[in-house]
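Analysis of the macromolecular model
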Amino acid sequence: MSSGNRGDALCFFINGNKVTENHADPETMLLSFLREKLRLTGTKYGCGGGGCGACTVMVSRYQPATKTIIHYSANACLLPLCQLHGAAVTTVEGIGSTKTRIHPVQEQIAKAHGSQCGFCTPGMVMSMYTLLRNTPRPCMDDITQALAGNLCRCTGYLPIVDGCRTFCQETNCCQANRAGDCCLDGEKNTEGEPKQETNCCQANRAGDCCLNAEKDTDEPEQDNPRMFDKDEFVQLDPTQELIFPPELILMAEARNPQTLTFHGERMTCVFPASLEELVQLKSSNPKAPLLMGNTNIGPDIKFKGVVHPLIISPTSVMELYEVTQTAQGVWLGAGCSLSEVRSLLEKLRPQFPEEKTELFTALIQQLGNLGSQQIRNVATLGGNIMSAYPNSDLNPVLAAGNCKLSVISSGGRQEIPLHQDFFVSFGKTVLKPEDIVLSVFIPFSRKGEFVRAFRQAPRKESSFATVTTGMRVFFTEGSRVVQDVSIYFGGMGSTTDSLCLSLRPWDDEVLGQAYDVLLDELFLPPSTPGGKVEFRRSLTLSFLFKFNLEILQKLREMNVITDQLPEKMQPLPREIQSSLQEFQHVPKDQNNQDPVGRPIMHRSAISQATGEAVYCDDIPRTDGELFLALVTSSRAHAKITGMDMSEALQLPGVFDVITAKDIPGKKVQAMFGYDEELLAETEVSCIGQMLCAVVADTRVHARRGAAAVKISYEDLPGPVFTAEEAIEKSSFFEPQRMIQIGNVTETFKSVDNVHEGEVRLGGQEHFYMETQSMLVVPVGEETEFNAYVSTQWPTLIQDAIAETLGIPSNRVTCHVKRIGGAFGGKLIKTSILACITSVASWKTNRAVRCVLERGEDMLITGGRHPVLGKYKVGFMNDGRIMAADIQYYANAGNAVDESVLLVDRILLHMDNAYNIPNLRGRCAACRTNLPSNTAFRGFGVPQSIMVVENMVNDVAAVLGRPADQIRETNMYKGVSLTHYKFEFSPENLLRCWEECKTKSDYSNRRQAVDQFNQQSCWKKRGMSIIPIKYGIAFSDAFLNQAAALVHIYKDGSVLVTHGGAEMGQGIHTKMQQVASRELHIPLSKIHISETSTNTVPNTCPSAASFGTDANGMAVKDACQTLYQRLEPVRQKNPEGSWESWVQAAFLEKISLSATGFYKGPDLYMDWEKMEGQPYSYYTFGVCCCEVELDCLTGDFRTLRTDIVVDIGRSVNPSVDIGQIEGAFMQGLGLYTLEELKFSPSGLLYTRGPSQYKIPGVCDVPLCFNVYLLSDSHNPNAIYSSKGIGEPVLFLGSSVFFAIKDAVAAARSESGLTGPFPLDSPATAERACLACASPFTQKIAADKPGSFKPWALNI
Ligand SMILES: Cc1cc2nc3c(=O)[nH]c(=O)nc-3n(C[C@H](O)[C@H](O)[C@H](O)COP(=O)(O)OP(=O)(O)OC[C@H]3O[C@@H](n4cnc5c(N)ncnc54)[C@H](O)[C@@H]3O)c2cc1C
Ligand code: FES
Ligand code: FES
């Protein structure tokens, strides 16, 4: 070790600038160094664990052996700073900026409308940028793979993909709309063959190919408005990229490896220069881990609190990277990254006959699905094996494939086979702590030997597998006699499991016995950690079945057998085609300068793409600023018997601990007659409830301080978690609601059929990409505070802080520049967090910042209410539903929050699109000991209607009729009354329905689906078409108001302020458009700086899809006032310019500042009379989806989605279509993917992207078309538009119902007909089990109540 306790200097480059760091702490990751030390805040924190991609950067290194420079994307949150010696890092700031020149990737994502809240955008940009550095002309598969590890919660990915598609060599038709390209070039599939089917997006879309469309129509181009114009884009010019720093080349060429040592506060990291040194270090420090990709060690340190006093990073030891080929196979260095392993195997494979590369192929396949590209680029082969994850994707294949390891220690070298004895338990192998894996031997397969790998994961990509397997069989040449078989599973226990099978010969009888062996040997007790017991067990059978199918095919190809074989199972399709967006033109006579109705790019998209956009945590630190970390309850229902802060207060950097006693004003937030404590004092009612907060000089110190606070509890009896428990104990928040029209009870007596059913909907985590963030700064006099908060409701924050501190509201200013996504989750909970932060700021008289970690955020802030819906429905044989009685139970959690409003909204939407003459609904908010749930896009409507649509589906299933017919029969027709006696016209709903059927070619495709299902046994297709009628505005009339303030400055520039917060929904862009139209000036003259309570007071939340309606009218009002004031000067000088009028007005002492106000509709709901007008108008939509389901695994793919939405005359079609696509994908997540899991003691297990899966780019429908209904006008909102933020989320359920349709097809093969239960989300687990395949039926479900389940069914 060269430098004793001082440590070595770390030298690397960032964006072409040399960085020398003399105190690189091994615990410091590149992300915090970039953000906090270098103030390069373009790279974002989204999860800290490699699961979201927000922190993606490009790392480049020079390889002296080959004299090449390699570039790879990596997650900065998992990149230890000290590992960057000699590397060049490029961040989003390094590739382009608005000050110099923006990079084509930044431009194209922005201009294709791929940036809404923008928080994911820098990560997307860097993933794409890295791809282009390596592959300047990528294919679509390259793009989707590059983006697989980047999550976006706003856009639904399509516009990002469409933006990136413009770099493709072959354009996948039909960019006719978004980009304006057509499908002339054809597309290559993954094997590089020209694509037959998918090269024209329209082949499936109502049957009209875009080629034909282009040929057939003589209409001018004007009739086909586009989302963006590709011709405007700057071309990619690789010569413009940053060069690799020559100094680093010289450093690497010098080949003078030196031992480097870096000391941190708690850990030291040594980089040995040679293998000898490594061996010696490891043998004298056997407990010190080997730090390679840090994808296992890093998360352990961060999330599990593991501390390693010493770590050894052998990244300079060349022997770990050696690749040698022998006659038997290839030795791969254990230090090779998984991406390198994949590309090495891909390069080697074609050099040998296919029969020799069976294992290579299986490994390549697994590597394609393991983690994300960013993870594979750094995670190493040796690291994966030695992490010994129970669900490692490689270990089962390596073990089945007879691989072995070359291991070195001070005792010498040895070869160790990777067989059944190698993996001992979770994270443990037979190797001794001092052993170092040098390389891994991958043998060639022999003639007659076959290796396959299968995996099933909660999400197709970037997700650990639920079950994963490697299977190998070796036949005696030319026969079906098996010489040797080995089968390994991951995900079935605490380690990689092997299975002893004696399968000779390979025939049905023996395989039948093999299933029984699997069932016996891979038995899982019902309480097994991870749950999904039946599913996991059934997957082992399904995989063996799939293996058998493939082996039989092989044997047949080799003429070993001549049997008639069952169908070959093709993988689910995966190629994303170009999407279509159809929207109306602006009227022909509209002024060219008037932007209303045009697809204007989000006004901050470019700065979001360059990383210049400032989010709350990007605000520079102020002098003496403190960071706040929360201490939360670890018990669901308990008395607090003690809080011991003494240890925390001793820790370095800890400044103070804030408790309820420190709150100078109100200690609770009161809502609907219930008080929610800001910080609990005596009792806790959920795990995750906030108890106190530690403030310290850095976020690391604050978090360590929070972890050191000791809380003691005395458990209280009888916590309530589920709806059933709440019902049993009558644990509800009041009021409960009931609504009724007609006579339900009597009607049940006279109908042909009565059916009862229930459906349970899981909750949903907001998963806004920017976690809760705030900064409270004392002004220093007169108890004034500036609060910079990521919130949808600045006024609430202002009022709440004022009450908490016991000061008037006029001392608190809340500023919101932009929000990195909110979806309803940045209202009530944010205000509580802001109150706590303000107390800390008040007490310490310092600026205090609080930014939640992803896990904390998920634990504390709640999400969408899970709902249990029970229904009884009476209907006639012709399908008419005459009566329905629906009872909803919403799991509200421990605090009321907005749950009683949600109850109202659930009942008000329970008719959806249907005229049910006798309808009764009851709804209760269950008070439970879970973190309280809150507003979430759709606010109860997605749960409400889901129950209704499920009921309608059951009616169809009972009658044996197609569900769409039952829907059509019962739809509102003509001017109608809702169940709250409100009159409306469903004309546009019916138009959407018809148009969706036509655009999706519903009846022909329905037939095709049925035909497919007849021919396919293990894969089924399903289709559904679902309507929505969604009420817009707040039923509490006082919330329907808005104000704006518009200043015109002397130079003619205009500053607009209004009450809406920009959270990606494009409200500022739309307000600019409004101001531009009203003032008759171009957009470029108008600026919106922020939303703040000192410019526009007493604002309402940006919620209920009402932001544009309300604020648009207020901005319009202010602008009209100003425009009228300018009238005299305009008249005096009609030929003058805007600037000249403004100048003249100033000189004439005309006020150039005006407020605007909008008094919205006086809506109401009288629950006593059960009538009212709770909404201003309805937004209508209809969605048709088709899915393909693998019945053996439950995996599915949405093949096509067509949505027709009536949003009146869109103010900005690109923003609105963005909302539609994004909401649909969020709904797809809600109903098919996203699962919150709680332990039996009420602890949320799913606290990050590793456990909780939101849709990724792999979940985008392969063909996704959006049509805005033409000729629709809405007199109730600005410029005849309609609110669109929320309604389409529910249409994601169309995927759920399409899956249910496919499941029904599978069940009918087993003779199962009629209604069947399928709860939401329809995860792979639920869909697979519902299919009732012969495999799932082999597994007897454990009797509920006979065991303690791993997770609660809330
Ligand atoms: C977001 C995310 C997603 C993931 N998804 C998947 C997935 O889908 N499938 C899957 O299989 N895995 C997945 N992983 C796990 C990942 O593949 C492993 O963490 C990784 O391979 C470990 O390699 P590493 O180089 O990062 O190891 P490190 O974290 O650096 O080290 C891990 C352990 O291995 C030991 N070690 C490393 N190298 C050697 C060596 N040469 N000799 C002896 N011991 C050694 C270390 O001492 C340490 O104990 C995922 C990880 C993350 C963070
Ligand atoms: S912050 Fe790094 S991957 Fe999420
Ligand atoms: S734009 Fe992707 S997360 Fe908001």
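Preceding this section is the structure that the text describes.
A brief structural summary.

1. With respect to helix 33 (residues 1138–1147)
Think of an α-helix as turning once every 3.6 residues; residues three or four places apart then point the same way. Considered for burial, the residues of helix 33 that qualify are Trp1138, Trp1141, Val1142 and Ala1145. Buried positions in helix 33, seen along its axis, are confined to an arc of 100° and lie on one side of it. Residues of helix 33 that are buried sit in contact with strand 41 (1041–1048), strand 42 (1054–1058), helix 31 (1067–1079) and helix 32 (1107–1132). Following helix 33 by one or two positions, Lys1149 adopts a phi angle in the positive range, close to 60°.

2. So, the side chain of Arg937
With respect to the helices, strands and loops of the structure, Arg937 is situated in the loop between strand 37 (918–927) and helix 27 (941–959). Comment: no salt bridge for buried Arg937; closest opposite-charge side chain is Glu1286, at 6.9 Å. In this structure the side chain of Arg937 is engaged in a polar contact, spanning 3.2 Å, whose partner is the side chain of Gln1226. Excluding residues within four positions of it along the chain, Arg937 makes contact with Phe823, Arg864, Pro942, Gln1219, Gly1222, Ala1223, Gln1226, Gly1285, Glu1286 and Leu1289.

3. Notes on the packing of helix 5 (residues 140–147) against helix 6 (residues 158–165)
Where helix 5 contacts helix 6, the axes come no closer than 10 Å and their chain directions differ by 135°. Judged on the interaxial angle alone, helix 6 and helix 5 are oblique. Here helix 5 runs over helix 6; the crossing is right-handed. Seen from helix 5, the contacting residues are Met140, Ile143 and Leu147; seen from helix 6, they are Ile160, Val161, Cys164 and Arg165. For the contact of helix 5 with helix 6, a count of residues per class yields six nonpolar, no polar and one charged.

4. Remarks on the site of ligand 1
Around ligand 1, the surrounding shell holds 32 residues, and the nearest of these are Met292, Gly293, Thr295, Thr380 and Asp393. Contacts to ligand 1 include Gly293, whose backbone N or O atom sits 2.8 Å from an oxygen atom. Take Gly371: an N or O atom from its main chain is 3.0 Å from an oxygen atom of ligand 1. In isolation ligand 1 offers 970 Å² of accessible surface; the protein chains occlude 93% of this area. Top contributing element to the shell around ligand 1 by residue count: helix 14 (residues 381–387), with five residues. The residue makeup of the shell around ligand 1, split by class, is 15 nonpolar, 14 polar and three charged.

5. A closer look at the pattern of salt bridges
With the rule as written, the count across this model stands at 71 salt bridges. Note that Glu1234 and Arg153 form a salt bridge whose closest N and O atoms lie 2.7 Å from each other. Of the two residues, Glu1234 is situated in the loop between helix 34 (1213–1232) and strand 50 (1263–1268) and Arg153 in the loop between helix 5 and helix 6; the sequence distance between them amounts to 1081 residues. Here Lys999 and Glu582 are joined by a salt bridge, their closest N and O atoms 2.8 Å apart. Note that Lys999 is positioned in helix 29 (residues 987–999) and Glu582 in strand 20 (residues 580–582), a separation of 417 residues in sequence. For Glu582, a relative accessible area of 32% puts it in the partly exposed group. Here the residues in one salt-bridge network are Arg35, Glu36, Lys44, Asp617, Asp618, Glu625, Arg699 and Arg849, joined through shared partners.

6. Concerning the nonpolar core
Core analysis: the biggest nonpolar cluster contains 223 residues, and Ile739, Tyr888, Val1054, Trp1138, Ile1203, Phe1224 and Val1288 have the highest contact counts within it. Residues within four places of Ile739 in sequence aside, it is in contact with Leu907, Leu908, Met910, Leu919, Arg920, Gly921, His979, Tyr980, Met1165, Trp1167 and Met1170.

7. Observations concerning empty space enclosed by the protein
Within the structure shown, the criterion is met by six cavities of 30 Å³ or more. Along the wall of the largest cavity there are 16 residues; nearest its centre are Gly862, Gly863, Asn933, Leu1236 and Phe1238. Partitioned by chemical class, the residues of the lining of the largest cavity number nine nonpolar, five polar and two charged. Roughly 100 Å³ of volume is contained in the second largest cavity. Lining the second largest cavity are 14 residues, and of these His113, Ser115, Gln116, Ser1214 and Val1215 lie nearest its centre. Ranked by the residues each element gives to the lining of the second largest cavity, the list is headed by helix 34, at five residues.

8. A short note on the pairing of strand 32 (residues 785–789)
Counting buried residues in strand 32 gives four out of five residues, a clear majority hidden from the surface. Of the strand pairs in this sheet, strand 31 (residues 773–778) and strand 32 are connected by five bridges, and their pairing is antiparallel. Bridge assignment links Val776 to a residue of strand 32, and that residue is Ala787. Connecting strand 31 to the next strand, strand 32, in antiparallel fashion are six residues, including Gly780 with a positive phi near 110°. In this region the chain leaves strand 32, passes through helix 23 (residues 794–805) and returns to the parallel neighbour strand 33 (residues 812–816); the handedness of that crossover is right-handed.

9. A closer look at helix 26 (residues 899–908)
A large share of helix 26 lies buried, amounting to nine of its ten residues. Among all positions of helix 26, only Ser899, Val900, Leu902, Val903, Asp904, Arg905, Ile906, Leu907 and Leu908 are buried.

Reading guide: rules and limits
Residues numbered from 1 in each chain as written. Chains lettered and ligands numbered in written order. Predicted model: local features only at pLDDT ≥ 70, side-chain atom pairs only at ≥ 80, totals over all residues. Heavy atoms only, no water. Buried < 20%, exposed > 50% of the residue type's maximum accessible area, 1.4 Å probe, protein only. Helix = DSSP H or I, 4+ residues; strand = E, 2+ residues; numbered from the N terminus. Arc of directions from axis to C-beta. Contact = heavy atoms within 4.5 Å. Lys, Arg positive; Asp, Glu negative; His and termini not counted. Salt bridge = Lys/Arg side-chain N within 4 Å of Asp/Glu carboxyl O. Polar contact = N/O pair within 3.5 Å; in protein donor to acceptor, adjacent residues only side chain to side chain. Axes fitted to C-alpha atoms, helices over the stretch in contact; angles between N-to-C directions. Parallel < 35°, antiparallel > 145°, perpendicular 65-115°, else oblique. Left-handed = near helix turned anticlockwise from the far one by under 90°. Nonpolar A, V, L, I, M, F, W, Y, C, P; charged D, E, K, R; others polar. Near = heavy atom within 4 Å. Areas by Shrake-Rupley, 256 points an atom, 1.4 Å probe, with all protein chains shown as cover. Core = buried A, V, L, I, M, F, W, Y, C linked by side-chain atoms within 4.5 Å. 1 Å grid on protein atoms, 1.4 Å probe; cavity = no way out; pocket = protein on both sides within 12 Å on 5 of 7 lines; lining within 4 Å. Points joined across faces, edges and corners; volume = space filled by probe spheres on them. Pairing = 2+ DSSP bridges. Right-handed = clockwise from strand over helix to strand, strands pointing away.

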